[in-house]
Amino acid sequence: MPGIYDEPELYEAACSYRDVPGEVSALLRWSGKHGKHGARGDSELRSVLELAAGPAEHSRELARRGLDATTLDLSPAMCARARELAAADGIGLTVVQADMRDFSIPRQFDLAITMLNSLCHLLTLDDLLQHLACLARHVTPGGLYIIELAHPADYLAAERRTSSEWSSEVDGGTVSVRWGGGSDEIDPITQITREHVRVTYTKRGGGVRTVTDVVPNRFWTATELTAAIRLAGGFAVAARYGDFDADTSVEAPDAWRMILVLRREGPPAEDPPAEPAPPTATTTPARISTTPTN
């Protein structure tokens with residue numbers, strides 16, 4: 001049976017609550033505030049790499065704003081959808097099918113992003129360290145890596161700051177989502193939850209489509225992430241935010257995300273190879289009680 005990551009259009013519908021243009025504006029604001037892009041001796045942001053990008057909403061919006069955008073995902077279906085949407089909009093987008101833990105692209109980027117708590121798919125410390133080391137080879141000195149994660153209060157506080165169930169109106173119907181929550185419990189040793197996912201799309205005038213899945217999800221604490229960043233080397237924490245709308249502190253009572261802004265420090269320890277193996281894909285292209293955790 002196909003899972004949610006094999007169904008890009010349903011996944012898009014499930015995440016349609018996101019204000020992608022607003023979030024991209026925040027990414028650009030933080031890049032201007034914290035990034036140096038010093039390898040070229042200037043501060044202009046020119047290129048972006050989106051990891052675990054799915055249908056690449058954020059990198060496509062960044063491409064619309066003039067950036068040279070590359071998107072990477074492990075799912076062949078998601079990569080195909082990203083190409084399809086970019087081509088339909090006439091957007092130049094490089095799409096790479098690869099594992100976010102270990103990949104090789106023959107260039108470096110001024111900005112890298114991982115959105116929608118996708119770092120939760122790195123289930124072990126070794127996975128996280130490998131990922132960070134790989135990213136350090138692909139980000140220019142002075143460039144940024146911005147990571148959006150679920151807020152720790154969703155796992156540690158008595159009351160969650162986001163909801164695991166929501167509905168959205170989309171073109172032609174309504175999508176209803178349950179992502180985790182309920183009886184899904186976090187393992188106290190591994191910090192992994194096997195989240196039960198159910199997405200139902202009801203078309204106006206009839207027709208219902210439902211996809212169910214079980215998705216392993218690792219909760220990373222702020223302390224663990226900070227320690228991993230230091231251990232992996234290459235990045236330093238430049239800032240932490242709790243929202244995209246304003247520069248809200250992650251400690252603020254109304255913060256609902258944990259967003260880390262990492263700056264690439266020093267010269268690259270190991271540049272990406274100039275002649276990599278042929279790529280597997282080519283160029284083509286709500287807050288409390290209403291917003292999901294993924």
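If you're wondering where the values come from, they're calculated on a predicted model, not measured in any experiment.

S.K.: Mind showing me how you'd approach the overall build of the chain here?
M.R.: Counting its secondary structure elements, the chain contains eight helices and 11 strands. Of all 294 residues assigned to the chain, the portion counted as buried reaches 53%. Accessible area of the chain: about 12,800 Å², with a carbon and sulfur share of 52%.

S.K.: I'm lost on the nonpolar core in this one. Help?
M.R.: Nonpolar side chains tend to gather and get buried jointly when the protein is soluble and globular. Grouped together as the largest cluster of nonpolar side chains are 48 residues, with contacts concentrated most on W30, I113, I146 and V199. Ranked by residues supplied to this core, first place goes to helix α2 (residues 20-34) with five residues. Residues in contact with W30, not counting those within four places in the same chain, are G35, L144, I146, Y241, D243, F244, D247 and I259. Within the second largest apolar cluster, 31 residues are counted, among which are L51, A98, M100 and W220.

S.K.: In this structure, what is going on with unusual backbone geometry? I would like to understand it.
M.R.: The backbone of L116 shows a phi angle near 60°, a positive value even though the residue is not glycine. Residue position: L116 is located in the loop between β4 (109-114) and α5 (125-136).

S.K.: Would you mind going over the sheet that holds strand β8 (residues 192-203) with me for this structure?
M.R.: Sheet strands line up and pair through hydrogen bonds in the backbone, either parallel or antiparallel. Within the open sheet, the four strands sit side by side as β6-β7-β8-β9. Their pairing is antiparallel. Strand pairing shows two members of the sheet lacking a second neighbour, β6 (165-170) and β9 (208-218), which therefore form its edges. Across the sheet, the mean angle separating the axes of adjacent strands is 15° when strand polarity is ignored. Here β8 runs beside β9; their pairing, made up of 11 bridges, is antiparallel.

About the criteria used
- Residues numbered from 1 in each chain as written.
- Predicted model: local features only at pLDDT ≥ 70, side-chain atom pairs only at ≥ 80, totals over all residues.
- Heavy atoms only, no water.
- Helix = DSSP H or I, 4+ residues; strand = E, 2+ residues; numbered from the N terminus.
- Buried < 20%, exposed > 50% of the residue type's maximum accessible area, 1.4 Å probe, protein only.
- Areas by Shrake-Rupley, 256 points an atom, 1.4 Å probe, with all protein chains shown as cover.
- Core = buried A, V, L, I, M, F, W, Y, C linked by side-chain atoms within 4.5 Å.
- Contact = heavy atoms within 4.5 Å.
- Pairing = 2+ DSSP bridges.
- Axes fitted to C-alpha atoms, helices over the stretch in contact; angles between N-to-C directions.

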